[in-house]
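# Inside the fold
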Amino acid sequence: MLSDDDVKWLETPQPGWSALRLPHMILEDSFVSGDSSGRRLSLRFFRHDPDRSLRAKVIFGPGTQGPPGHAHGGSMAAVLDDAMGGAAWMQGHPVVAAELTARFKTMLPLGARCVVEAWVSAVDGRKVRVAGRLRQGDGDTVFAEGEALFITLDPKKFGVLTSEASRIFSELDEGTS
Ligand SMILES: CCCCCCCCCCCCCC(=O)SCCNC(=O)CCNC(=O)[C@H](O)C(C)(C)COP(=O)(O)OP(=O)(O)OC[C@H]1O[C@@H](n2cnc3c(N)ncnc32)[C@H](O)[C@@H]1OP(=O)(O)O
């Protein structure tokens, strides 16, 4: 479903980005990143090293369709939710989403190469506010913007996921220091 060029594009970090190698336990069956067929969502996650925010490259496949030829709003919101949650985890906050707002700005053509940017905007006790943007990969068109409130949970509730996440991010630090 994806061309070799699309796969190469997805896997190539931009300057200042480090690839996040997420373990099978996180990817397997993930609603957003668990499909490897190219039919629905194809994503690769990265850290933007200068400010440790999150980046993802994403292609919306034919199985994400809403309006003919274009992505369903729910699929864009799901990608923003996942990326914004990942941005919080990446900064050491083991969170789940409590509230999410998405603004759909431009219809997103299926198959287009897109970039997601997500960053923590404020932390107040257990409340972690995160913002995100889904845009054209090789241009300035913004397809959707999001804001979300995440709530930090006791890391014990996530079992081994928390220690796996710490391991992934400390390996990145070793690689970039
Ligand atoms: C790249 C990364 C790698 C690793 C990552 C892997 C995974 C990434 C995964 C990312 C996946 C994507 C993410 C997903 O999709 S996560 C899946 C979708 N989310 C859920 O299923 C969450 C369901 N909700 C809950 O579990 C509970 O309600 C939570 C935990 C959220 C709060 O219940 P809890 O009993 O713990 O807390 P509390 O009630 O004492 O409230 C605490 C404070 O928060 C405030 N508050 C609470 N709710 C709301 C609200 N709706 N609006 C405004 N404020 C709210 C509340 O007023 C209070 O404030 P204050 O009174 O203290 O001022």
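Residue positions are counted from 1 within each chain, in the order its sequence is given. Side-chain atom pairs in this predicted model are given and counted only at pLDDT of 80 or more, local residue features only at pLDDT of at least 70, and totals for whole chains, interfaces and linings cover all residues. Side-chain numbers here rest on the full set of heavy atoms in the structure, without hydrogens or water.

## Points about helix α1 (residues 4-11)
The following threshold applies: Each residue is placed in one exposure class: buried if its accessible area under a 1.4 Å probe, protein chains only, is under 20% of its type's maximum, exposed if it is over 50%, and partly exposed if it falls in between. Numbering of helices and strands runs from the N terminus; a helix is a DSSP stretch of H or I covering at least four residues, while a strand is a stretch of E covering at least two. Directions drawn from the helix axis to the C-beta atoms are what define this arc. Contact between two residues is taken to exist if any of their heavy atoms lie within 4.5 Å; hydrogens are not considered.
For α1, the full list of buried residues reads Asp6, Trp9 and Leu10. The buried residues of α1 occupy one face: seen down the axis, they fall within an arc of 100 degrees. Among the exposed residues of α1, those pointing more than 90 degrees away from its buried face are Asp4, Asp5 and Lys8. Turning to α1, the residues buried within the fold contact β2 (41-48), β3 (53-60) and β5 (113-124).

## Quick look at the layout of surface pockets
We apply this condition: Only protein atoms enter the calculation, which uses a 1 Å grid: trapped sets of points that fit a 1.4 Å probe without letting it out are cavities, open sets showing protein on both sides within 12 Å along at least five of seven lines are pockets, and any residue with an atom within 4 Å of a point is a lining residue. Grid points are joined across faces, edges and corners, and a volume is the space filled by probe spheres set on the points. Under the scheme applied here, ten amino acids are nonpolar (Ala, Val, Leu, Ile, Met, Phe, Trp, Tyr, Cys and Pro), four are charged (Asp, Glu, Lys and Arg), and all others, including Gly, are polar.
Counted as a void, the largest pocket has a volume near 630 Å³. Contributions of two or more residues to the lining of the largest pocket are made by α2 (24-27), α3 (73-90), β4 (95-104) and α4 (160-176). With six residues, α3 is the largest single contributor of residues to the lining of the largest pocket. Classifying every residue of the lining of the largest pocket by side-chain character gives 20 nonpolar, four polar and two charged.

## Observations concerning the pattern of salt bridges
The condition that has to hold: By convention in these notes, a salt bridge is any Lys or Arg side-chain nitrogen within 4 Å of a carboxyl oxygen on Asp or Glu.
Enumeration according to the criterion identifies nine salt bridges in this entry. Of the charged contacts in the structure, one is a salt bridge between glutamate 147 and arginine 103, with a shortest N-O distance of 2.9 Å. You can see glutamate 147 sitting in strand β7 (residues 142-152) and its partner arginine 103 sitting in strand β4, a full 44 residues away along the chain. Residue class for arginine 103 comes out partly exposed when judged on its relative accessible area of 33%. A single salt-bridge network, built from bridges that share partners, covers Arg103, Lys105, Glu145 and Glu147.

## Let's talk about the packing of aromatic side chains
Selection criterion: Note on aromatic pairs: the rings of Phe, Tyr and Trp (six-membered ring only in Trp) are paired at centre separations within 6.5 Å, and the planes decide the class, stacked below 30 degrees, edge-to-face beyond 60, tilted for the rest. In this scheme, the term charge over a ring applies when either NZ of a lysine or CZ of an arginine sits within 6 Å of the ring centre and within 35 degrees of the ring normal.
Taken as a whole and judged by the stated rule, the model has two aromatic pairs. Taken together, a centroid distance of 5.2 Å and an interplanar angle of 50 degrees make the contact between tryptophan 17 and phenylalanine 46 tilted. One end of the pair, tryptophan 17, is in strand β1 (residues 17-19); the other, phenylalanine 46, is in strand β2, and 29 residues separate them in sequence. We note that tryptophan 17, like phenylalanine 46, is buried. Measuring from ring centre to ring centre gives 4.8 Å for tryptophan 89 and phenylalanine 158, while their planes differ by 80 degrees; the resulting arrangement is edge-to-face. With a gap of 69 residues between them, tryptophan 89 in helix α3 and phenylalanine 158 in the loop between β7 and α4 connect regions that are remote in the sequence. Note on accessibility: tryptophan 89 and phenylalanine 158 belong to one class, buried. In this arrangement the basic side chain of lysine 57 is found over the ring face of tryptophan 9, its NZ or CZ atom lying 4.5 Å from the centre.

## Notes on the site of the ligand
Rules: Nearness is judged by heavy atoms alone; a residue qualifies as near a molecule or strand once a single heavy atom is within 4 Å of it. Here a polar contact is recorded for every N or O atom pair within 3.5 Å, except that within protein the pair must consist of a potential hydrogen donor and a potential acceptor, and residues adjacent in sequence are included only if both atoms are side-chain atoms.
Lining the immediate environment of the ligand, one finds 17 residues, of which Asp81, Ala97, Glu99, Arg126 and Lys127 sit closest. Residue glutamate 99 places a side-chain N or O atom 2.9 Å away from a nitrogen atom belonging to the ligand. Residue arginine 126 places a side-chain N or O atom 2.6 Å away from an oxygen atom belonging to the ligand. Among the elements of the structure, α3, β4 and β7 are those that each provide at least two residues to the shell around the ligand.

## With respect to the UniProt feature "domain: Thioesterase" (unreviewed entry) in the chain
Under the convention used in this document: UniProt positions are given in the numbering used here, feature names are shortened, and annotations may be inferred rather than shown by experiment.
Per the UniProt annotation, the sites labelled "domain: Thioesterase" (unreviewed entry) are residues 69-142. End C-alpha atoms of residues 69-142 are separated by 18 Å, and the span's content is 24% helix alongside 45% strand.

## Regarding α3
Heads up, the rule is: Under the convention used throughout, the expected extent of a helix is 1.5 Å for every residue step, that is, one less than its residue count.
Here α3 spans 25 Å end to end across 18 residues, near enough to the 26 Å set by a 1.5 Å rise per residue. Of all 18 residues making up α3, 13 are buried, and the element is well covered by its neighbours. Just beyond α3, the residue with positive phi is glycine 92, at close to 90 degrees.

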